[in-house]
Amino acid sequence: MTAVRRAAPVLVAALLLLACAGRAGATGYRYWSFWERTGGHWTYATQGPASVRPDDGAVQGFRFTVGADAADAGRPRGTADFDSICADTPAKSGSKRVALVLDFGTPADAPSGETPPGGRTVCARVPSDASTADALAAVAGPLRYDTNALLCAIAGYPHKGCGEQVSTDREPTAAPRSDSSESGSGPSLGLPIGVGVVALLAGAAIWQSRRRRNASG
């Protein structure tokens, strides 16, 4: 019993560390994620839409989402086929066509008091040297940016906020797969690792207590 009482402070400290780790892992950001369609699959863009200059026939996607990083961001949903999206927009000399997939996210990801519009696809015809941001501005305004040029709103959604940090109780998702479907929730290693840490610390504390008792005897 004495050994258990001496181990209690260690257990409490370990549990507090686990609680803090759990809270830290439940933090993400609410923002517009930017995707490029490559080989029939969505790939998280490595540059911002103002830096990317897509070719004629490109498919670009935007998804309003809550996530901690690229691996946690939701992909655009719905049709993502250039021939379908730009079927009524013929090629024209001196310009290019960019198919845009706009996914306004889910009600769970929406800022308080706002409802996401339905997703849409649109074909933008823009000058040959235009960026994705130019294509977006041509067909999905009004756009809103912050002082750091972060894209905050597409077609006026959301009405306020920009990349704010939010808390979420959802499990982190697995890294994006190479298909166009949404990634499922992967297993969380935090709990088994944490339990192991608590058990290890408790065992060490009890062993030290017994060692001291035997030495004093």
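Everything discussed here concerns the structure shown above.
These figures come from a predicted structure and were not determined experimentally.

Asks: Can you help me understand the environment of Thr-27 in this one?
Replies: Tracing the chain through its elements places Thr-27 in strand E1 (residues 27–38). Judged by relative accessible area, Thr-27 falls into the partly exposed class, the value being 26%. Separated by 140 residues in the primary sequence, Thr-27 and Ser-167 place their C-alpha atoms 4.6 Å from one another. Setting aside chain neighbours within four positions, we find Thr-27 in contact with Ala-68, Gln-165 and Val-166.

Asks: Could you clarify how one ought to interpret the pairing of strand E2 (residues 41–44) in this entry?
Replies: By the bridge criterion, four bridges tie E1 to E2 in an arrangement that is antiparallel. Across the sheet, residue Arg-37 finds its bridge partner in E2, namely Trp-42. Once E1 ends, the chain turns through two residues before running back antiparallel as E2, passing Gly-39 with a positive phi of about 60°.

Asks: Would you take a moment to explain empty space enclosed by the protein for this structure?
Replies: The gaps left among the atoms become clear once a water-sized probe is rolled over them. In the structure shown here, the tally under the stated rule is one cavity of 30 Å³ or more. Approximately 30 Å³ is the volume found for the largest cavity. Taken together, the residues that form the lining of the largest cavity break down as five nonpolar, two polar and two charged.

Asks: What is the right way to look at the state of the cysteines in this model?
Replies: Structurally, a disulfide amounts to a covalent bond that connects the sulfur atoms of two cysteines. For the structure shown, the criterion picks out two disulfides. The disulfide partner of Cys-86 is Cys-123, and the S-S distance across this bridge is 2.1 Å. The disulfide joining Cys-86 to Cys-123 has a torsion of about 100° about its S-S bond and is therefore right-handed. On the criterion of sequence distance, the pair formed by Cys-86 in the loop between helix H2 (82–85) and strand E4 (95–103) and Cys-123 in strand E5 (residues 120–127) is long-range, its members being 37 residues apart. Each member of the pair, Cys-86 as well as Cys-123, carries the same accessibility label: buried. A sulfur-sulfur distance of 2.0 Å marks the disulfide that ties Cys-152 to Cys-162. The sign of the -75° torsion about the S-S bond sets the Cys-152-Cys-162 disulfide as left-handed. Here the residue Cys-152 occupies a position in strand E7 (residues 151–153), and Cys-162 occupies one in the loop between E7 and strand E8 (165–167), the gap between them amounting to ten residues. Residue class for Cys-152 comes out buried when judged on its relative accessible area of 4%.

Asks: Just to check I follow, could you spell out the pattern of salt bridges for this structure?
Replies: A side chain with one charge can pair with a side chain of the opposite charge if their charged atoms come near. By the definition in use, this model includes four salt bridges. A salt bridge links Arg-97 to Asp-56; its shortest N-O distance comes to 3.2 Å. In this pair, Arg-97 is assigned in strand E4 and Asp-56 in the loop between E2 and strand E3 (58–67), connecting sequence segments 41 residues apart. On the basis of relative accessibility, which here comes to 13%, the residue Arg-97 falls in the buried class. Arg-77 is the partner of Asp-103 in a salt bridge, and the nearest nitrogen-oxygen pair spans 2.7 Å. With Asp-103 in strand E4 and Arg-77 in the loop between E3 and H2, this pair connects stretches of sequence that are 26 residues apart. Residue Asp-103 is classed as buried on the basis of its relative accessible area of 3%. In the salt-bridge network here, residues are joined through shared partners; they are Arg-63, Arg-77 and Asp-103.

About the criteria used
- Residues numbered from 1 in each chain as written.
- Predicted model: local features only at pLDDT ≥ 70, side-chain atom pairs only at ≥ 80, totals over all residues.
- Heavy atoms only, no water.
- Helix = DSSP H or I, 4+ residues; strand = E, 2+ residues; numbered from the N terminus.
- Buried < 20%, exposed > 50% of the residue type's maximum accessible area, 1.4 Å probe, protein only.
- Contact = heavy atoms within 4.5 Å.
- Pairing = 2+ DSSP bridges.
- 1 Å grid on protein atoms, 1.4 Å probe; cavity = no way out; pocket = protein on both sides within 12 Å on 5 of 7 lines; lining within 4 Å.
- Points joined across faces, edges and corners; volume = space filled by probe spheres on them.
- Nonpolar A, V, L, I, M, F, W, Y, C, P; charged D, E, K, R; others polar.
- Disulfide = S-S within 2.5 Å.
- Salt bridge = Lys/Arg side-chain N within 4 Å of Asp/Glu carboxyl O.

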